Amino acid sequence: AIYITNSDNGLVNNLIIEGNTYQETTKGYNLLDANNLGTITKYGITLTNNGDGSFSAKGRSTSTFNIESNDFRVEDGDYKLIDYAEGVYPTIEPNASRLQIYSSDTNSGLATLSKYSSEQVATGHLIGNDYYRLRFRFIAGETYDLIYKPMFYQNGDGTYEPYTGGQPSPNP
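Residues numbered from 1 in each chain as written. Predicted model: local features only at pLDDT ≥ 70, side-chain atom pairs only at ≥ 80, totals over all residues. Heavy atoms only, no water.

> Which parts of the structure should I look at to understand the environment of Thr 39?
Relative to the assigned elements, Thr 39 resides in the segment before strand S1 (40-42). Take Thr 39: its relative accessible area is 53%, and that puts it in the exposed class. Residues Thr 39 and Asn 50, 11 residues apart in the sequence, show an inter-C-alpha distance of 8.6 Å. (Helix = DSSP H or I, 4+ residues; strand = E, 2+ residues; numbered from the N terminus. Buried < 20%, exposed > 50% of the residue type's maximum accessible area, 1.4 Å probe, protein only.)

> I'm lost on the packing of aromatic side chains in this one. Help?
What describes a pair of aromatic rings is the distance from one ring centre to the other and the angle between the planes of the rings. Counted under the stated rule, the structure contains eight aromatic pairs. Both rings, one in Tyr 84 and one in Tyr 160, keep their centres 6.0 Å apart while their planes meet at 85°; by these two values the pair is edge-to-face. Note that Tyr 84 is positioned in strand S6 (residues 77-88) and Tyr 160 in the segment after strand S11 (143-153), a separation of 76 residues in sequence. Grouping residues by exposure puts Tyr 84 and Tyr 160 together as buried. Counting every residue linked through ring pairs, the aromatic cluster contains Tyr 43, Phe 65, Phe 138 and Tyr 144. When the ring centre of Tyr 102 is taken as origin, the NZ or CZ atom of Arg 135, which lies over that ring, is 3.9 Å away. (Phe/Tyr/Trp six-rings, centres within 6.5 Å; stacked < 30°, edge-to-face > 60°. Lys NZ or Arg CZ within 6 Å of the ring centre and 35° of its normal.)

Okay, structure coming up:
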């Protein structure tokens, strides 16, 4: 150990201060604020908001049902929904929807399908000023053990990033 009683009476030779810092950056492309959807247990499934933009779904579904976020609005335009998922996929019909951005007003939106892959992409035109919701779809009799990382966006290449309010991060 080095003890210096007064910085004027000694030099510290060969002192190296090392460290590693990393700051995650985003471009603000992910438009999906899923913070209003907490942990919900329903019909044998527990859907957990992991706090980092991802969701865990675990359990065996005793009914076919949806878990939905609060309403949000979008501007008129073309959008993409990417559903990055990891885990054990249910054996349901491959064309059954897995994750949706859905408007009950117009009965339309975007949906990813359960085709047993880790990444699903849905594209389409959404009508401005309609109310939309993020919707997770579960099928009766199926077992789920998945982690979803949804990204809803207009710009960018689809590389996942967490929601930052549509603003780049860090934001000066």
